Amino acid sequence: MNPIVKLALKLVSSPKINMEEDYLWIRKVQRFFSGKPIRSNYRILDRKIYSADKSHDIPVRIFQPVEKKSDDVLLFFHGGGWVIGDINTYTKPCINMADLTGRTVYSVDYRLAPEYPYPAGLEDCYRVADAMLDNLSLIGLTSASQLTLIGDSAGGNLAAAVSLLLRDNRKDHPQKQILLYPVAYWDHTENSPYESIRTKGTDYGLTAKKVSEYMDLYQPDEEKRKSPYISPLMASDLTRQPDTLVLTSENDPLRDEGEAYAKALENAGNRVRVHRVKESVHGFITYPKLSKLVVEAYQQINDFLDEK
């Protein structure tokens, strides 16, 4: 790893950063640098979907690719530990996603903890997926199989949880999901059964300490974190899940639990691909699209999406 990059990662891995106390200023910094997209053409559209109880709107940003290669649609849930990040901070990665896959991307601006702890964010993501499946023709689809769920980090966790909920509540549901370095387990302390929490949990940007703090904000009750809708690895039934691609990062405390979830899905009879991106750290999908890590990731993503 580049020594300058390694030094920068060490700085942002500082134990002095406490997400439970610092999340508000981190949100402000993110929003300052992301801003709002310039609407110079038709490629970015903002829409809203009513929540199930009509208590609030759920913003959804739609990204059209420069060159459309498929009528299929990607429904994206952003990362940020369920606490930071939004459709503005993820606009550039979603533009890249649309262009590099040749597919329309719908990005969900779900409610964030701690103002809206679990299950608020999950309910928003499920509501958007449910509404899209109920109105396939309005988004140019003819079958639920044309909709793919995708998310990174906490968004990968939400994608996995939405897939479980759709399996439990609907006859029709997406046939593919893409989980990018997802959160899959409830314990990120030294007691975790996953070795990467200990070997990769201090010096690579996202630390095990931060993941634990995010989890505290998302669901303060430790016992409730064992729900399969927070910790998919705790699910007693993983059958009838979508075909799944799991991408993990070599230097990521979440690496081993993501790969364990891929194995658990496979053991339950699902079709699964798993790929570890070498020399990478958590969050690499947000890098510029010419980054070799992003190029490698989208080679895997496109191979998976194109597979019949």
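Further up the page is the structure itself.
The structure reproduced in this document is the subject of the present report.

About the criteria used
Residues numbered from 1 in each chain as written. Predicted model: local features only at pLDDT ≥ 70, side-chain atom pairs only at ≥ 80, totals over all residues. Heavy atoms only, no water. Helix = DSSP H or I, 4+ residues; strand = E, 2+ residues; numbered from the N terminus. Contact = heavy atoms within 4.5 Å. Axes fitted to C-alpha atoms, helices over the stretch in contact; angles between N-to-C directions. Parallel < 35°, antiparallel > 145°, perpendicular 65-115°, else oblique. Left-handed = near helix turned anticlockwise from the far one by under 90°. Nonpolar A, V, L, I, M, F, W, Y, C, P; charged D, E, K, R; others polar. Buried < 20%, exposed > 50% of the residue type's maximum accessible area, 1.4 Å probe, protein only. Core = buried A, V, L, I, M, F, W, Y, C linked by side-chain atoms within 4.5 Å. Pairing = 2+ DSSP bridges. Right-handed = clockwise from strand over helix to strand, strands pointing away. Phe/Tyr/Trp six-rings, centres within 6.5 Å; stacked < 30°, edge-to-face > 60°. Lys NZ or Arg CZ within 6 Å of the ring centre and 35° of its normal.

1. Things to note about the side chain of Glu 259
By secondary structure assignment, the location of Glu 259 is in helix H8 (residues 255-267). With residues near it in sequence (within four places) discarded, Glu 259 still touches Thr 248, Val 274 and Arg 276.

2. Quick notes on the packing of helix H3 (residues 91-101) against helix H9 (residues 292-306)
Running from N to C, H3 and H9 cross one another at 55°; their axes reach a closest spacing of 10 Å. By the angle between their directions, the pair H3 and H9 is classed as oblique. Relative to H9, the crossing made by H3 is right-handed. Residues Pro 93, Met 97, Leu 100 and Thr 101 of H3 form the contact with H9, whose own contacting residues are Val 294, Tyr 298, Ile 301, Asn 302 and Leu 305. Residue composition of the contact of H3 with H9, by class: seven nonpolar, two polar and no charged.

3. A short note on the environment of Cys 125
Turning to its location among the elements, Cys 125 is positioned in helix H4 (residues 120-134). Given a relative accessible area of 0%, Cys 125 falls into the buried group. Residues Cys 125 and Trp 186, 61 residues apart in the sequence, show an inter-C-alpha distance of 20 Å. Filtering out sequence-adjacent residues up to four positions away, Cys 125 remains in contact with Phe 77, Val 108, Tyr 110, Leu 158 and Val 162.

4. Notes on the nonpolar core
Counting 65 residues, the largest nonpolar core has Leu 75, Phe 77, Val 162 and Tyr 261 as its most contacted members. Top contributing element to this core by residue count: helix H5 (residues 154-169), with nine residues. With residues up to four places along the chain from it excluded, the contact list for Leu 75 reads Tyr 106, Val 108, Val 128, Ala 129, Met 132, Leu 147, Thr 148, Leu 149 and Ile 150. Ile 44, Phe 76, Tyr 90 and Val 105 belong to the second largest nonpolar core, which has 26 residues in total.

5. Considerations on the pairing of strand S7 (residues 243-251)
Within S7, eight of the nine residues are buried, which leaves it mostly tucked inside the rest of the structure. Two elements, strand S6 (residues 176-180) and S7, share five bridges in a ladder whose sense is parallel. For Ile 178, the partnering residue across the bridge sits in S7 and is Leu 245. Strand direction decides the pairing type here: S7 and strand S8 (residues 272-281), joined by seven bridges, are parallel. Each bridged residue has a counterpart across the sheet, and for Thr 248 the counterpart in S8 is Arg 276. Following the chain from S7 across H8 to the adjacent parallel S8, one finds a crossover that is right-handed.

6. Some thoughts on the environment of Arg 240
Positionally, Arg 240 belongs in the loop between helix H7 (208-218) and S7. A relative accessible area of 53% places Arg 240 in the exposed class. Setting aside residues up to four positions removed in sequence, Arg 240 forms contacts with Arg 167, His 173 and Asn 270.

7. Some remarks on the sheet that holds S6
Strand order across the open sheet formed by eight strands is S1-S2-S4-S3-S5-S6-S7-S8, with mixed pairing between neighbours. With one partner strand each, in any of the chains shown, strand S1 (44-50) and S8 form the two edges of the open sheet. Taken pair by pair, the neighbouring strands of this sheet meet at an average axis angle of 20°, ignoring direction. Pairing of strand S3 (residues 73-77) with strand S5 (residues 147-152), which is carried by five bridges, proceeds in the parallel orientation. The residue of S5 that forms the bridge with Val 73 is Leu 147. In the packing of H3 onto the sheet, the strands contacted are S1, strand S2 (57-63), S3, strand S4 (104-108) and S5, and the crossing angle to S2 comes to about 45°. Its contacts with the sheet put H4 on S1, S2, S3, S4 and S5, and the angle it makes with S3 is roughly 165°.

8. Some remarks on the packing of aromatic side chains
A complete count under the given rule lists seven aromatic pairs for this structure. Judged by centre distance (5.2 Å) and plane angle (85°), the ring pair of Phe 32 and Phe 33 falls under edge-to-face. Measuring from ring centre to ring centre gives 5.7 Å for Phe 76 and Tyr 90, while their planes differ by 40°; the resulting arrangement is tilted. Placement of the pair is Phe 76 in strand S3 and Tyr 90 in the loop between S3 and H3, with a sequence separation of 14 residues. Here a set of aromatic residues connected by ring pairs shows up, and it is made of Trp 82, Tyr 118 and Tyr 218. If you follow Lys 176 out to its NZ or CZ, it ends over the ring of Phe 304, 5.1 Å from the centre. Here the guanidinium or amino end of Lys 226 rests over the ring plane of Trp 186, the centre of that ring lying 4.7 Å away.

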